[in-house]
Amino acid sequence: MTGPTAGFLPGADRARPPAAGDLALPVTGSKLLTSVDGRPLRVADLPADTDWVPLGTLDGVPAWATDLTTADAIPGRARGWASLAADVPEPHATLAGRALAVVTWRRTHRWCGACRAELADLPGETARRCPDCGLYVPMQLSAAILVAITRPGPGGRADELLLVRHATGPTGLWALVAGFVEAGETLEAAVHREVGEEVGLSVERLAYFGSQPWAISGPGVLLAGFTARAADPQAEPVVDGRELTQAQWFGVDALPAQLPPAYSISRWLVDATVTAARR
Ligand SMILES: [Zn+2]
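Presented here is a report on the structure given in the accompanying data block. As the structure is a computational prediction, the values presented were derived from the model and not from experiment.

Right, let's talk about the overall build of the chain for a bit. A tally of regular secondary structure across the chain gives four helices and 16 strands. Based on the C-alpha atoms only, the size of the chain along its principal axes is roughly 70 × 45 × 35 Å. Residues classed as buried in the chain amount to 43% of the 279 residues present. Counting only contacts in the chain whose residues sit at least 6 apart along the sequence, the fraction spanning at least 24 positions is 63%. If you sum the accessible surface of the chain, you get close to 14200 Å²; carbon and sulfur atoms cover 54% of it.

Structure below.
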């Protein structure tokens, strides 16, 4: 399919009510409910009195989320985002991530943070407003950066890529230096700061690679990926021992097996680095 309706387009349009054939993304706890064989459910698969929240469209078909307190009555399979993203095309994974983000945001932003009144939905927006004091409460994104740092290999050998292991989460994985952007900071400044804090290195030739909405480290996370060169090719990484347990240079022709999953921008950056080094 081509044209403006191809792929996933986020939206918050309630003007047209959900139709039986629209996509349904029920969220139960922190998981998504799919059909038993893993395909998305349809609106007709759930009870008629379901409270639907608009998510946008996938290939032109409207998609809706709902917050299920119990999934017992609906035949299906509850899956975490990582398991789903590993299985479905990228636009489906993005839609599933938005369902989790929107439902979680609605659960945690029910009351006005200024005056405690109950917030009201704003038609056509993923936002709420306080009826008493007027506070506007949009669903906010958290920006995070990640960076693939390379240096020339010793004696003219292939480039080396810096990989790190984290103290929490999947600790066996060799990942990239990453971290959240602080308020008042540019994406680029966040890269320089995180690299300095996490591995004690300086980088140069910072270049933007791409971005990915990410539903694992919390709702509403947007990852921005960069490539960079080590400013001093002789410098060795020093880990803080708190966030990271290990940091190591690997030849791009001898990377470890425990790399980030294929659906992640971390992995796209690693693969692009390998491809670039072979040219
Ligand atoms: Zn208020």
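Still more ground to cover, so stick around.
Further remarks concern the environment of I149. By the secondary structure assignment, I149 is in strand β11 (residues 142-151). Those residues in contact with I149, other than ones at most four positions away along the chain, are E160, L161, L162, V195, V203, A228, R229, A230 and W249.

Another aspect to go through is the layout of surface pockets. For the largest pocket, the calculated volume is near 730 Å³. Forming the boundary of the largest pocket are 25 residues, of which H166, P170, A178, W214 and S217 lie nearest the centre. For the lining of the largest pocket, the secondary-structure elements that each account for two or more residues are β11, β13 (177-180) and β15 (221-230). Considered class by class, the residues forming the lining of the largest pocket number 16 nonpolar, seven polar and two charged. Approximately 310 Å³ is the volume attributed to the second largest pocket. T94, R98, A101, L141 and P213 are, among the 16 residues lining the second largest pocket, the residues nearest its centre.

Attention now goes to the coordination of the zinc ion. Looking at the zinc ion, one finds its protein donor set to be C112 (SG), C115 (SG), C130 (SG) and C133 (SG), positioned 2.3 Å from the metal centre. Classification of the site at the zinc ion as tetrahedral follows from its four donor atoms and the range of 100 to 119 degrees in their angles at the metal. Here the donor residues for the zinc ion map to a single chain with the spacing C-x2-C-x14-C-x2-C.

So, on to the pairing of strand β14 (residues 203-214). When a strand is regular, its side chains alternate between the sheet's two faces. Examined bridge by bridge, β14 and β15 share nine bridges and lie antiparallel to one another. Within β15, the residue paired with E204 across the bridge is R229. Hairpin geometry of β14 and β15 is characterised by an intervening segment of six residues between the two adjacent antiparallel strands and by a positive phi of about 130 degrees at G218.

Here we take up the side chain of S35. Within the element layout of this structure, S35 appears in the loop between β3 (31-34) and β4 (41-42). Those residues in contact with S35 that lie beyond four places of it in its chain are L41, G76 and R77.

Taken together, the three strands give an open sheet; going across it, the order is β8-β9-β10, and neighbouring strands pair in antiparallel fashion. The open sheet has two edge strands, β8 (120-121) and β10 (136-138), and neither has a second partner. Two elements, β8 and strand β9 (residues 127-129), share two bridges in a ladder whose sense is antiparallel. Considered in β9, the bridge of A120 is made with R129. Its contacts with the sheet put helix α2 (residues 90-108) on β8, β9 and β10, and the angle it makes with β9 is roughly 20 degrees.

Here we take up helix α3 (residues 187-199). With 13 residues, α3 ought to run about 18 Å at 1.5 Å a step, and its terminal C-alpha atoms sit 18 Å apart, in line with that. Against the buried residues of α3 lie β11, β12 (160-166), β13, β14, β15 and β16 (244-251). Downstream of α3 by a residue or two, G200 has a phi angle that is positive, lying close to 65 degrees.

What the rule picks out here adds up to 14 salt bridges. As a salt-bridge pair, D159 and R229 come within 2.8 Å of each other at their nearest N and O atoms. Taken together, the positions of D159 in the loop between β11 and β12 and R229 in strand β15 put the pair 70 residues apart, joining distant regions of the chain. Given the relative accessible area of 22%, D159 is considered partly exposed. Counted as one network, the salt bridges with shared partners bring together R14, R106, D121 and R128.

This part takes up unusual backbone geometry. Negative phi values dominate among residues other than glycine, just as trans dominates among peptide bonds. Residue D59 is not a glycine yet carries a positive backbone phi of 50 degrees. Position of D59 among the secondary structure elements: in the loop between β5 (53-58) and β6 (61-67). On the accessibility criterion, D59 (34% relative accessible area) is partly exposed. The backbone of R116 shows a phi angle near 75 degrees, a positive value even though the residue is not glycine. Secondary-structure assignment places R116 in the loop between α2 and β8. Look at R116 and you get exposed, because its relative accessible area is 73%.

Reading guide: rules and limits
- Residues numbered from 1 in each chain as written.
- Predicted model: local features only at pLDDT ≥ 70, side-chain atom pairs only at ≥ 80, totals over all residues.
- Heavy atoms only, no water.
- Helix = DSSP H or I, 4+ residues; strand = E, 2+ residues; numbered from the N terminus.
- Buried < 20%, exposed > 50% of the residue type's maximum accessible area, 1.4 Å probe, protein only.
- Contact = heavy atoms within 4.5 Å.
- Areas by Shrake-Rupley, 256 points an atom, 1.4 Å probe, with all protein chains shown as cover.
- 1 Å grid on protein atoms, 1.4 Å probe; cavity = no way out; pocket = protein on both sides within 12 Å on 5 of 7 lines; lining within 4 Å.
- Points joined across faces, edges and corners; volume = space filled by probe spheres on them.
- Nonpolar A, V, L, I, M, F, W, Y, C, P; charged D, E, K, R; others polar.
- Donors = N, O, S within 2.8 Å, 3.2 Å for Na, K, Ca; no water.
- Tetrahedral: all angles 85-135°; square planar, octahedral: opposite > 155°, others 65-115°.
- Pairing = 2+ DSSP bridges.
- Axes fitted to C-alpha atoms, helices over the stretch in contact; angles between N-to-C directions.
- Expected span 1.5 Å × (residues − 1).
- Salt bridge = Lys/Arg side-chain N within 4 Å of Asp/Glu carboxyl O.

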